[in-house]
Amino acid sequence: MSSIVRYKREGSVLHIKSYEYAVRITKMFLHLSEIDWRLRAIYQQVLRSGTSISSNVHESEFAQSPADFISKLSIALKEANETLNWLNLFLDTEHLTEKEFESMASDCNELIALLVSSIKTTKKNNNLTN
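None of the values given here were measured: they were computed from a predicted structure. (Residues numbered from 1 in each chain as written. Predicted model: local features only at pLDDT ≥ 70, side-chain atom pairs only at ≥ 80, totals over all residues. Heavy atoms only, no water.)

A. Local environment of the overall build of the chain. In terms of helices and strands, the chain carries 4 helices and 0 strands. Listing every helix and strand of the chain by position from the N terminus yields α-α-α-α. Seen through its C-alpha atoms, the chain measures out along the principal axes to roughly 50 × 45 × 25 Å. In the chain, once contacts between residues fewer than 6 apart in sequence are set aside, the share between residues at least 24 apart is 71%. When the accessible surface of the chain is split by element, carbon and sulfur atoms take 53% of a total near 8200 Å². Seen as two clouds, the 15 positive and the 16 negative side-chain charges of the chain have centres 6 Å apart. (Helix = DSSP H or I, 4+ residues; strand = E, 2+ residues; numbered from the N terminus. Contact = heavy atoms within 4.5 Å. Areas by Shrake-Rupley, 256 points an atom, 1.4 Å probe, with all protein chains shown as cover. Lys, Arg positive; Asp, Glu negative; His and termini not counted. Charge placed at Lys NZ, Arg CZ, Asp CG, Glu CD.)

B. Fine view of the nonpolar core. Tyr21, Met28, Ile53, Leu87, Phe90, Leu96 and Leu115 are the most contacted members of the largest nonpolar core, which totals 28 residues. Going through the elements one at a time, helix H1 (13–35), helix H2 (40–60), helix H3 (66–92) and helix H4 (98–125) are the ones with two or more residues in this core. The biggest single contributor to this core is H3, with 9 residues. (Core = buried A, V, L, I, M, F, W, Y, C linked by side-chain atoms within 4.5 Å. Buried < 20%, exposed > 50% of the residue type's maximum accessible area, 1.4 Å probe, protein only.)

C. Region of interest: the side chain of Glu79. Mapped onto the elements, Glu79 comes out in helix H3. Once residues lying within four places of it in the same chain are set aside, the contact partners of Glu79 are Arg48, Ser49, Ser52 and Ile53.

D. Representation of the pattern of salt bridges in the model. Under the counting rule described, the total for this entry stands at 7 salt bridges. The structure contains a network of salt bridges with shared partners spanning Arg48, Glu79 and Glu82. (Salt bridge = Lys/Arg side-chain N within 4 Å of Asp/Glu carboxyl O.)

E. Looking closely at the packing of aromatic side chains. Under the criterion given, the structure shown has 1 aromatic pair. Centre to centre, the rings of Tyr43 and Phe90 are 5.5 Å apart; their planes meet at 75°, and the pair counts as edge-to-face. On the criterion of sequence distance, the pair formed by Tyr43 in helix H2 and Phe90 in helix H3 is long-range, its members being 47 residues apart. On the basis of relative accessibility, which here comes to 0%, the residue Tyr43 falls in the buried class. (Phe/Tyr/Trp six-rings, centres within 6.5 Å; stacked < 30°, edge-to-face > 60°.)

F. Summary view of H2. An ideal rise of 1.5 Å per residue puts 30 Å on 21 residues; H2 measures up with 30 Å between its terminal C-alpha atoms. Of all the bends in H2, the greatest measures close to 30° and is centred on Ser52. If you check which residues of H2 are buried, you get Tyr43, Val46, Ser49, Gly50, Ser52, Ile53, Ser54, Asn56, Val57, His58 and Ser60. On its buried side, H2 packs onto H1, H3 and H4. (Expected span 1.5 Å × (residues − 1). Bend = angle between axes of the 7 residues up to and from the residue.)

All quantities given are derived from atomic positions and should not be read as evidence of function.
This is the structure we're talking about:
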């Protein structure tokens, strides 16, 4: 038996979906890099922002305070927004098909909605503003 523990937070849709999205972004990066290696630097940007969503969501699990939790999720939200920018660029430069774009952008928009909801709920439950 392996000593490496794999886990998914079964009670957290945000944890699961953000991790699964990081896997998809990684696969997309590998696919795009094989097609046109000249744009690898740009592809690395979407790899960084798309996987950072999951990293920050997972970091938030051990936040030191509600404000720290909100901060981590806010960073994840910014990274998701950046990821959408790169996806739009790839669509407009014909590096993604409309179908590929719609699939990736739809999942990213779902993450954005989950992040916004989590941030708002945490602020409300802890009487925090802005």
